[in-house]
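Overview (structure and organization)
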Amino acid sequence: MKALVINCSPVRTGATAEIVKTVCTELSSRYDTRSICIDDYKFDFCKGCRSCHNTAKCVMPDASVILDIMNEFDNADIIVSVAPSYWADIPGQYKAFIDRVTPWCNTHVPHATIKPGKKGYAIALRTGPNMPECERLIGSIEHFYGHLEIECAGHLGLTSVENKADVEPRKEEIISFCKGI
Ligand SMILES: Cc1cc2nc3c(=O)[nH]c(=O)nc-3n(C[C@H](O)[C@H](O)[C@H](O)COP(=O)(O)O)c2cc1C
């Protein structure tokens, strides 16, 4: 079984990256585990032309970049999105990616598909102390999973996390969450 762990932050050395590392270490004994950073992929914003609603294909010249990420999704049985709060929602890079995945959205017929039977997990983190903001991010990620027919199998919210050093005291919490994956 294969796991894909996504750093949804553009920061490669911060709290999100540290959580991704912890999750990968924990999962690697049970899954063939791979991680990607959304910011490694360069693509334009969705223009909202809606041609994919009728064709299941994107007309933008950089559509192959989104296909590369979707191939990562398709190769995985388990997908874990790790997202920090940026202004109380997922980072723009991940939101821009989700917009570009509209050819795969199951509200349109025809739509592109990935293989069925995948499980999706969401981990949200933020600097502030209240959980509802994390739940908002989790809601965005699970909404996306739902339209890709990825089963929402679990989520974790981590408050009061600003940088890499704040992850260390939370490792047991993260590892315990990973044991359920
Ligand atoms: C542009 C930006 C916006 C942010 N907005 C929020 C916010 O609305 N609420 C919050 O609690 N933390 C906010 N944060 C803090 C991050 O969620 C927190 O530092 C997280 O650990 C960042 O992880 P990263 O460095 O791996 O991206 C923001 C950080 C940045 C860079």
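So, here is what we can say about the structure in this document. (Residues numbered from 1 in each chain as written. Predicted model: local features only at pLDDT ≥ 70, side-chain atom pairs only at ≥ 80, totals over all residues. Heavy atoms only, no water.)

1. Topic: the overall build of the protein chain
The condition that has to hold: Only DSSP runs of H or I reaching four residues or more are called helices, and only runs of E reaching two or more are called strands; each is numbered from the N terminus. Atoms counted for the radius of gyration: C-alpha only. Globule rule: 2.2 Å times residue count to the power 0.38.
Across its full length, the protein chain holds six helices and five strands. Along its sequence from the N terminus, the protein chain presents helices and strands in the succession β-α-β-α-α-β-α-β-α-β-α. Relative to its length of 181 residues, the protein chain is compact, with a C-alpha radius of gyration of 16 Å against a globular reference of 16 Å. C-alpha extents for the protein chain along the principal axes are approximately 50 × 35 × 25 Å.

2. Considerations on the environment of Cys-134
Here Cys-134 shows up in helix 5 (residues 131-147). In this structure, the C-alpha to C-alpha distance between Cys-134 and Ile-78, residues 56 residues apart in sequence, is 21 Å.

3. Focus: the nonpolar core
Grouped burial of nonpolar side chains is what soluble globular proteins tend to show. Put simply, the rule is: Residues belong to one nonpolar core when they are buried, are Ala, Val, Leu, Ile, Met, Phe, Trp, Tyr or Cys, and are joined through side-chain atoms within 4.5 Å. For each residue, the accessible area found with a 1.4 Å probe, counting protein chains only, is set against the maximum for its type, and the residue is called buried under 20%, exposed over 50%, and partly exposed in between.
Formed by 34 residues in total, the largest nonpolar core has its most connected members in Met-70, Phe-73, Tyr-94, Phe-97, Phe-144 and Leu-148. Residue assignment for this core shows that the elements contributing at least two residues are strand 1 (2-7), helix 3 (63-75), strand 3 (78-84), helix 4 (92-100), strand 4 (119-125) and helix 5. With six residues, the single largest contributor to this core is helix 5. Among the nonpolar cores identified, the runner-up in size contains 23 residues, and Ala-15, Tyr-31, Val-80 and Ile-174 belong to it.

4. Concerning the site of the ligand
Selection rule: Here a residue is near a molecule or strand as soon as one of its heavy atoms is found within 4 Å of it. Identification of polar contacts relies on pairs of N or O atoms within 3.5 Å, with a donor-acceptor requirement for protein atoms, meaning one able to donate a hydrogen and the other able to accept it, and with residues adjacent in sequence counted only if both atoms are side-chain atoms. Only the protein chains shown count as covering a residue, and every accessible area follows the Shrake-Rupley method with a 1.4 Å probe. Put simply, Ala, Val, Leu, Ile, Met, Phe, Trp, Tyr, Cys and Pro go in the nonpolar bin, Asp, Glu, Lys and Arg in the charged bin, and everything else, Gly too, in the polar bin.
Near the ligand you find 17 residues, and of these Ser-9, Thr-16, Ser-85, Tyr-86 and Glu-133 are the closest. Backbone polar atom of Trp-87 to a nitrogen atom of the ligand: 2.8 Å apart, as the coordinates give it. Calculation on the ligand without its partners gives an accessible area of 630 Å², and the protein chains cover 72% of this total. Of the residues in the shell around the ligand, the class split is eight nonpolar, six polar and three charged.

5. Describing the side chain of Arg-170
Condition: Residue contacts are defined here by distance: any two heavy atoms, one from each residue, within 4.5 Å place the two residues in contact.
Mapped onto the elements of the fold, Arg-170 is located in the loop between strand 5 (151-158) and helix 6 (171-179). Taking relative accessible area as the criterion, Arg-170 reaches 18% and is therefore assigned buried. Apart from residues lying up to four places away in sequence, Arg-170 is in contact with Leu-158, Thr-159, Ser-160 and Val-161.

6. Notes on helix 6
This is how it is decided: Think of the arc as the fan of directions from the helix axis to the C-beta atoms.
Looking only at helix 6, the buried set comprises Lys-171, Ile-174, Ile-175, Phe-177 and Cys-178. Taken around the axis of helix 6, the buried residues stretch over an arc of 160°, which confines them to a single face. Exposed residues lying more than 90 degrees from the buried face of helix 6 are Glu-172 and Lys-179. For helix 6, the elements touching its buried residues are helix 1 (15-27), strand 4 and strand 5.

7. Here's the deal with the packing of helix 3 against helix 4
Defined as follows: Angles here are taken between N-to-C directions and fall from 0 to 180 degrees, while the axes themselves are lines fitted to C-alpha atoms, restricted in helices to the stretch in contact. For classification purposes, angles smaller than 35 degrees are called roughly parallel, those larger than 145 roughly antiparallel, those between 65 and 115 roughly perpendicular, and all remaining angles oblique.
Relative to each other, helix 3 and helix 4 sit at 95°, their axes nearing to 10 Å. One finds that helix 3 runs roughly perpendicular with respect to helix 4. Contact with helix 3, carried on its side by Ala-63, Ile-66, Ile-69, Met-70 and Phe-73, involves Tyr-94, Phe-97 and Arg-100 of helix 4 and no other residues of that element. Taken together, the residues of the contact of helix 3 with helix 4 sort by class into seven nonpolar, no polar and one charged.

8. Overview of the side chain of Thr-159
Residue position: Thr-159 is located in the loop between strand 5 and helix 6. Residue Thr-159 is classed as buried on the basis of its relative accessible area of 11%. The contacts of Thr-159, once residues within four sequence positions are left out, are Arg-126, Gly-128, Pro-129, Asn-130, Met-131, Cys-134 and Arg-170.

9. Examining the packing of helix 1 against helix 6
Cut-off, in case you're wondering: In this scheme the handedness of a crossing depends on how the near helix is turned from the far one: anticlockwise by less than a right angle means left-handed, clockwise means right-handed.
Following both chains from N to C, one finds helix 1 and helix 6 inclined at 45°, their axes separated by 10 Å at the closest point. Taken together, the axes of helix 1 and helix 6 lie oblique to each other. Note that helix 1 runs across helix 6; the crossing there is right-handed. Taken together, the residues of helix 6 that come into contact with helix 1 (itself represented by Glu-18, Ile-19, Thr-22, Val-23, Glu-26 and Leu-27) are Lys-171, Ile-174, Ile-175, Cys-178 and Lys-179. Grouping the amino acids of the contact of helix 1 with helix 6 by side-chain chemistry returns six nonpolar, one polar and four charged.

None of the figures reported here should be taken as evidence of function without further support.
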